[in-house]
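This is what each chain is made of:
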Amino acid sequence: MSPTTLAVALSAGLLFSLSGCDSQSNEPRACKDDGSCAHQEVNTFCDIDGVYPGTEAPNECVAPPSADACNRIAACEDPAKPHCNDDSMGTCVECTENSHCTVEGESCNPNSGECGDFTPCTPGDAGDEECAANSDGDDYCSEGGVCAECIVNEHCTTTGEGTCDETSFECRACEVGGSDCESGLCGTRDDGECVPDGDVIRVDGANTGGDVAGCGAVGSECATIGFAVTQVDGAKNVIVVAAGTYDERLDITEGTMTVLGAGEVILKPSVGVADDRVLDISGTTNVTISGLIIDNSEGSSGTDAVRCATGTATLSIANSTVQLSRNLGIISTGCDLTITGSTISGNQGGGISVNGGDFNITNNFIVYNGLNTSTAPGVSLSGNGTELVFAFNTVVGTTVANAGLPSGVDCALVGSLTATGNIVYSGTPVGSAPVSGNCSWEYSNIEAVEPGEGNINMPPMLENNSALNGDYHLASGSPCINAADPAATLAIDIDGEERPQGGRHDIGADEAE
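No experiment lies behind these values; they were computed from the predicted model shown.

**Concerning the overall build of the protein chain**
Now for step 1: Helix and strand content of the protein chain: 3 helices and 35 strands.
Now for step 2: For the protein chain, the C-alpha radius of gyration of 33 Å lies well beyond 24 Å, the compact-globule estimate for 513 residues.
Now for step 3: Looking at the 513 residues of the protein chain, the share that counts as buried comes to 44%.
Now for step 4: By sequence separation, contacts in the protein chain at least 24 residues apart represent 45% of the contacts at least 6 residues apart.
Now for step 5: Looking at the protein chain as shown, the accessible area adds up to about 24200 Å², and 49% of this sits on carbon and sulfur atoms.
Now for step 6: For the protein chain, the centre of its 15 positive side-chain charges and the centre of its 76 negative side-chain charges are spaced 9 Å apart.

Set out below in structure tokens:
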């Protein structure tokens, strides 16, 4: 081969080699669709018309445009951003004038920046009258000159939608944890509704001497929860307790009220009194407790932490802890009882005892209750209630006096109950029955061969199930994950996290992430 021929061959080979090495290049190149750009690392979008940033000519591979990118060909599709601010290389933005709305009959709503079928008006009383006469439900004239559903919260009268959105001027539910409510309380009494600030009684143990008639406003908080209870009057019935330890017992015999802990609130009497509970509910009452730690470690021997008695009382305990009682954690006789999202632990005489009345016990850790002298199980359910729910609880570590006693859950109900989604495990002594009585069980993890659809008997694999104050959330690989009833509809777990996280709900109080 002559030198000239060799040079031509090498040149051709080099060109062939270079043309085959552009698979990782991000320089613009010709394309006919996105598939033509698939082997590029960055420039994976085929700009057929050559109108997006980075394009020098039609049919070039470029970096994908942002979701809000637009031009004369790619129009804006998001109703909240209907206007393209540049026909060549623009961004979808809110409208500011009617000319930005391309659909016939639509105008620009300056309140929201959206295009739609809006009715213009002149702000003021005359505008309100005009809107009320001419628009369908949008009876108020906003400052932007468009008829709107509301201007202030008072215009929103539908239950659950009591907040007027400051941007869209539409009624909506308040946002928990947001700034919608002057009181800071959204959904406390009714879902989606603010609690009026005038209905709140505030308690702060640091405000020594605050227990005077009319206390409870910001800056003049009551000093004790017990005195705040005496200030409940009609709708003024939401007691918000500042963080701290409160050395008192509550005996509530009448009224409807909610007691909320704002921070770590510990209700712990320092002196034990015979037969005196930390919380005693009776009479014609409807009491909700949320966010409290009820500690009866200083109680006298044989004293329960919480009691609800009589058939006219209703007690709801949510997101709370009931612990270290010298006897039962919670005893309910004839009450309507609800316990959700709570921990019942370390109570010497057992966790929960229900005798009569309706109950809903869901999403709770009921753990390490009882002593080697105890005759009561972790949970005892009896009586003739008609609405009965025991679901998605974790009952572990109960101790009873001997193997002839049930250690987990005992049922002696007049009616029927199918308990679903529960863990009942690790009771002592070995040989004690985890469940007994006339409840039916399904899709539960029970430390025994228990008849029922979907039941399993496998160590639940909790994060730390070794003792009191452990971590009773499901560990990775737990057999309880995705093992509950496929038809279960429970929306959250003990921590308020969404259920399900996988294809099915998890058994127990915790939904593994």
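So that's the structure; there's more coming.
**Looking at the environment of Asp-138**
Now for step 1: Summarising the element assignment, Asp-138 is placed in the loop between helix H2 (125-134) and strand E8 (140-141).
Now for step 2: The spatial distance from the C-alpha of Asp-138 to the C-alpha of Cys-150 is 7.2 Å, given a sequence separation of 12 residues.
Now for step 3: Beyond its immediate sequence surroundings of up to four residues, Asp-138 is in contact with Cys-131, Cys-147, Ala-148 and Glu-149.
Now for step 4: Separated by 3.4 Å, the side chain of Asp-138 and the backbone nitrogen of Glu-149 make a polar contact.

**Re the pairing of strand E25 (residues 379-383)**
Now for step 1: Counting buried residues in E25 gives 5 out of 5 residues, a clear majority hidden from the surface.
Now for step 2: As judged from the 4 bridges shared by strand E22 (residues 352-355) and E25, these two strands associate in the parallel manner. Within E25, the position partnered with Asn-355 by the bridge is Ser-382.
Now for step 3: Pairing of E25 with strand E28 (residues 409-413), which is carried by 5 bridges, proceeds in the parallel orientation. Counted as the bridge partner of Gly-383 is Leu-413 from E28.

**Here's the deal with the nonpolar core**
Now for step 1: Formed by 55 residues in total, the largest nonpolar core has its most connected members in Leu-381, Phe-390 and Val-409.
Now for step 2: The contacts of Phe-390, once residues within four sequence positions are left out, are Ile-361, Ile-366, Val-379, Leu-381, Val-395, Val-409, Leu-417, Ala-419, Thr-420, Asn-422 and Trp-441.
Now for step 3: Ranked by size, the runner-up nonpolar core spans 19 residues in total, among them Val-367, Tyr-472, Ala-483 and Ile-494.

**What about the side chain of Ser-332?**
Now for step 1: Structurally, Ser-332 is set in strand E19 (residues 330-333).
Now for step 2: Residue classification places Ser-332 among the buried residues on the basis of a relative accessible area of 1%.
Now for step 3: Not counting the four nearest positions on each side in its chain, Ser-332 is found in contact with Cys-308, Leu-337, Ser-353, Val-354 and Asn-355.

**A short note on the state of the cysteines**
Now for step 1: This structure, assessed with the given rule, holds 14 disulfides.
Now for step 2: Disulfide pairing places Cys-411 opposite Cys-439 at an S-S distance of 1.9 Å. Between Cys-411 and Cys-439, the disulfide has an S-S torsion of -90° and is therefore left-handed. Of the two residues, Cys-411 sits in strand E28 while Cys-439 sits in the loop between strand E31 (435-437) and strand E32 (440-442), which places them 28 residues apart along the sequence. Judged on exposure class, the residue Cys-411 and its partner Cys-439 are both buried.
Now for step 3: Cys-480 takes part in no disulfide bond, and the closest cysteine sulfur to it belongs to Cys-439, at a distance of 19 Å.

Parameters and conventions
- Residues numbered from 1 in each chain as written.
- Predicted model: local features only at pLDDT ≥ 70, side-chain atom pairs only at ≥ 80, totals over all residues.
- Heavy atoms only, no water.
- Helix = DSSP H or I, 4+ residues; strand = E, 2+ residues; numbered from the N terminus.
- Rg over C-alpha atoms; globule rule 2.2 N^0.38 Å.
- Buried < 20%, exposed > 50% of the residue type's maximum accessible area, 1.4 Å probe, protein only.
- Contact = heavy atoms within 4.5 Å.
- Areas by Shrake-Rupley, 256 points an atom, 1.4 Å probe, with all protein chains shown as cover.
- Lys, Arg positive; Asp, Glu negative; His and termini not counted.
- Charge placed at Lys NZ, Arg CZ, Asp CG, Glu CD.
- Polar contact = N/O pair within 3.5 Å; in protein donor to acceptor, adjacent residues only side chain to side chain.
- Pairing = 2+ DSSP bridges.
- Core = buried A, V, L, I, M, F, W, Y, C linked by side-chain atoms within 4.5 Å.
- Disulfide = S-S within 2.5 Å.

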